Amino acid sequence: MPGSSALSRWWRALRRRRALRRLSDPSLSGIFDAPPPDEWVSLDCETTGLDVQRDEIIAIGAVRIAGCRVLTSERLELLVRPSRGVSADSVRVHGLRELDIADGLAPEDALRRLLAFIGSRPLVGYYLEFDVAMLNRLARPLLGGPLPHQAIEVSALYYDLKHSQLPPYQQGSEIDLRFATLMKDLDLPQRPAHNAVNDAVMAALAFIKLRELARARSR
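Bear in mind the structure is a predicted one, so any value in this text is a computation, not a measurement. (Residues numbered from 1 in each chain as written. Predicted model: local features only at pLDDT ≥ 70, side-chain atom pairs only at ≥ 80, totals over all residues. Heavy atoms only, no water.)

Most of strand β1 (residues 39-47) sits inside the fold, with 8 of its 9 residues counted as buried. Summarising the sheet, β1 and strand β2 (residues 57-66) pair through 9 bridges and their orientation is antiparallel. For Asp44, the partnering residue across the bridge sits in β2 and is Gly61. Relative to strand β4 (residues 123-125), β1 runs parallel, the two sharing 2 bridges. Its bridge partner being in β4, Val41 is matched across the sheet by Leu123. (Buried < 20%, exposed > 50% of the residue type's maximum accessible area, 1.4 Å probe, protein only. Helix = DSSP H or I, 4+ residues; strand = E, 2+ residues; numbered from the N terminus. Pairing = 2+ DSSP bridges.)

In structure tokens form, the structure reads like this:
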């Protein structure tokens, strides 16, 4: 009977073979490789709204993280051309008008660029579940399934930190998970929000700080 680690490796290899069989573009096979150690990609998407089924991505920002460094020189900033117009409410949030994204990439091309940038690195982000859900709509026809990357939620790391600091009689207290609150509490610099690259960089800084604080707690 193989040990648990050998069984885990066998299962990962089987999943990888199955994923590669579904892949329509062999040039993207690297996303199913083992991730490089101590590397991540912080990701943020700006969209036409918050409906995962109907709204569309109009901007993608991503930045690489290596150890305790945010590699701002290794970032990706893409504008994406939606199939429909951009509402006035949407423009008020992120400032991107139809004129600004008229020459953006087709969504499928933007996804290919993003996947090439990410490789197999785990993803980091603030309320990342929404961004990944939006990307998965594009990914399924191309990959035969959702994105295979591990997703690390910054607000969950922050919640764990704050919860660990509460005395027993306050364990049920509500914790403010707003991004501005999180950044201020962690004493991190804030950039203008609702810009995909800015939000990705801020999430990366928060991720690094929260990892450092978690390590300090475990000593």
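From this point on, the discussion continues.
The backbone of Asp187 shows a phi angle near 55 degrees, a positive value even though the residue is not glycine. Following the sequence through the fold, Asp187 ends up in the loop between α7 (179-185) and α8 (196-218). Under the relative-accessibility criterion, Asp187 is labelled exposed at 67%. Backbone geometry at His194 places phi at a positive 65 degrees, although glycine is not the residue there.

Hydrogen bonds between backbone atoms are what pair the strands of a sheet, whose relative direction is either parallel or antiparallel. Taken in spatial order, the 5 strands of this open sheet run β3-β2-β1-β4-β5, and their pairing is mixed. Where the open sheet ends on each side, the last strands, each with one partner, are β3 (69-79) and β5 (151-153). Each strand of the sheet is rotated relative to its neighbour by a mean of 25 degrees, with strand direction disregarded. Packing of helix α4 (residues 107-118) onto the sheet brings it into contact with β1, β2, β3 and β4, and relative to β3 it is tilted by some 170 degrees. Docked against the sheet, helix α5 (residues 128-143) engages β1, β2, β4 and β5, running at close to 80 degrees with respect to β1. (Axes fitted to C-alpha atoms, helices over the stretch in contact; angles between N-to-C directions. Contact = heavy atoms within 4.5 Å.)

Time to look at α5. Compared with the 22 Å implied by 1.5 Å per residue over 16 residues, the 20 Å span of α5 between its first and last C-alpha is markedly short. A bend of about 40 degrees at Arg137 is the largest found in α5, and the proline Pro141 appears one to four places after it. Turning to α5, its buried residues number three or more, namely Leu128, Asp131, Val132, Met134, Leu135, Asn136, Ala139, Leu142 and Leu143. Two residues or fewer past α5, Gly144 is found with a positive phi of approximately 80 degrees. (Expected span 1.5 Å × (residues − 1). Bend = angle between axes of the 7 residues up to and from the residue.)

Before going further, it helps to spend a moment on the packing of α4 against α5. It is the contact of α4 with α5, at a shortest axis distance of 10 Å, that shows an interaxial angle of 85 degrees. The pairing of α4 with α5 is recorded here as roughly perpendicular in orientation. Facing α4, whose interface residues are Pro107, Leu111, Arg112, Leu114 and Leu115, α5 presents Leu135, Leu138, Ala139, Leu142 and Leu143. Partitioning the contact of α4 with α5 into residue classes produces 9 nonpolar, no polar and 1 charged. (Parallel < 35°, antiparallel > 145°, perpendicular 65-115°, else oblique. Nonpolar A, V, L, I, M, F, W, Y, C, P; charged D, E, K, R; others polar.)

You can see Asp199 is positioned in helix α8. Here Asp199 is buried and forms no salt bridge, its nearest opposite-charge partner Arg191 lying at an N-O distance of 8.9 Å. Ignoring anything within four residues of it in the chain, the contact list for Asp199 reads Asp44, Glu46, Phe179, Pro192, Ala193 and His194. (Lys, Arg positive; Asp, Glu negative; His and termini not counted. Salt bridge = Lys/Arg side-chain N within 4 Å of Asp/Glu carboxyl O.)

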